[in-house]
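Structure assessment
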Amino acid sequence: MGNIQNIGIAGTGAIGAKVARALDQGDIPGFHLAGVAASSQARSDELNATLSKPAPFMSFGDLARECDWILECLPPAQFVDLARPVLSAGKTLIVLSCSQLLEHPNLISYAQEQGARIVVPSGAMLGLDALKAAAVGEIQSVVIETRKPVAGLIKAPYLAKAGIDLAGITEAVRVIEGSVTEVAREFPANVNVAAALSLAGIGPDRTRMEVWADSTLERNTHTVRVTSDSSDFTVAIQGRPSLDNPATGLITPLSVIALLRNQSATLQVGT
Ligand SMILES: NC(=O)C1=CN([C@@H]2O[C@H](COP(=O)(O)OP(=O)(O)OC[C@H]3O[C@@H](n4cnc5c(N)ncnc54)[C@H](OP(=O)(O)O)[C@@H]3O)[C@@H](O)[C@H]2O)C=CC1
Ligand SMILES: O=C([O-])CC(=O)C(=O)O
């Protein structure tokens, strides 16, 4: 990547604010923070008060026009409102609300028609490098087991629907098992990592998922088991929650920073 690229950030929460500060401090060579879209001018002022050089407050349309790369770190319900203008402008969209790519798969072909790109960072997931390599050959199975503290799941509407009561449990309870497509329908807030995994590998219909509520856990834990003609592997991660948003692991914004640094790196490591 030769010239400096303008990057815009949509969403100034746990992920957006951390990446904005890294850009502001010059920790991401090759990118200039050209604007932020926040839920209000006041929220953008709050972020700008922590930056040495304030970033202009922009609408989603402005970001699509002014920036080459746009980082989406919004609540899932706002995703499409940003994705449409960015993709129709032929720009590069970095997606954190990955569950929304399963919800709106047509956006991928739309991006192709528009000459746009969609980039999904590893986020809170691991093993995407080996999975992509294995997918060049034949993958037999991918299974992700997600275990979360009870507090991370107890509000999901599916629990009442399925008659599952997690209040007072003293052990681990499996709350759902199915394809990532099926689980995404019932637990949209808990499938970003599984969505990324399925898009890197064999797709959401063939990738299997189990979600467990575990009263003995304090951190989200994801274990992935892959069998393929080139290799079999098991990887696991225990995220540490960020202070700004306990539902979001600290590693997630760091993965975005690493992805952006990679764009201008002389030495690139990993698939
Ligand atoms: N891929 C992965 O591995 C992971 C993905 N995620 C996903 O990434 C996304 C972002 O996560 P995170 O940063 O923790 O979320 P936060 O809730 O911390 O931040 C979201 C931000 O978006 C702002 N916002 C709300 N509406 C608008 C709007 N219309 N325009 C501009 N900004 C708006 C919110 O403002 P306000 O607070 O004022 O409402 C808030 O600052 C989520 O969808 C999350 O599920 C999270 C973790 C891992
Ligand atoms: O583990 C995490 O930090 C986030 C998570 O489950 C998801 O978004 O799918």
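What counts, and at which threshold
Residues numbered from 1 in each chain as written. Chains lettered and ligands numbered in written order. Predicted model: local features only at pLDDT ≥ 70, side-chain atom pairs only at ≥ 80, totals over all residues. Heavy atoms only, no water. Near = heavy atom within 4 Å. Polar contact = N/O pair within 3.5 Å; in protein donor to acceptor, adjacent residues only side chain to side chain. Areas by Shrake-Rupley, 256 points an atom, 1.4 Å probe, with all protein chains shown as cover. Helix = DSSP H or I, 4+ residues; strand = E, 2+ residues; numbered from the N terminus. Nonpolar A, V, L, I, M, F, W, Y, C, P; charged D, E, K, R; others polar. Pairing = 2+ DSSP bridges. Axes fitted to C-alpha atoms, helices over the stretch in contact; angles between N-to-C directions.

Attention now goes to the site of ligand 1. If you check the shell around ligand 1, you find 25 residues, and the closest are Ser-39, Arg-43, Ser-97, Ala-124 and Thr-248. Gly-13 is positioned with one of its backbone polar atoms (N or O) 3.2 Å from an oxygen atom of ligand 1. Within the side chain of Ser-97, one N or O atom sits 2.7 Å away from an oxygen atom of ligand 1. In the complex, the protein chains occlude 79% of the 930 Å² of accessible area that ligand 1 would expose alone. Of all the secondary structure elements, the ones that give two or more residues to the shell around ligand 1 are α1 (14-24) and α10 (192-200). Of the residues assigned to the shell around ligand 1, the class counts are 13 nonpolar, eleven polar and one charged.

A separate point is the sheet that holds strand β5 (residues 117-119). Strand order in the open sheet formed by five strands is β2-β1-β3-β4-β5, with parallel pairing between adjacent strands. If you trace the sheet from one side to the other, it starts and ends with β2 (31-37) and β5, each paired once. Between one strand axis and the next, the sheet turns by 25 degrees as a mean value, whatever way the strands run. Summarising the sheet, strand β1 (residues 5-10) and strand β3 (residues 69-72) pair through four bridges and their orientation is parallel. Within β3, the position partnered with Ile-9 by the bridge is Leu-71.

Another point: the site of ligand 2. The environment of ligand 2 is made up of Ala-124, Lys-148, Asn-190, Val-191, Asn-192, Val-193, Asn-220, His-222, Ala-247 and Gly-249. Here an oxygen atom of ligand 2 sits 3.4 Å away from a polar atom, N or O, in the main chain of Asn-190. At 2.9 Å, a backbone N or O of Asn-192 approaches an oxygen atom of ligand 2. Here ligand 2 loses 90% of its free accessible area of 270 Å² to cover by the protein chains. Residues that form the shell around ligand 2 fall into these classes: four nonpolar, five polar and one charged.

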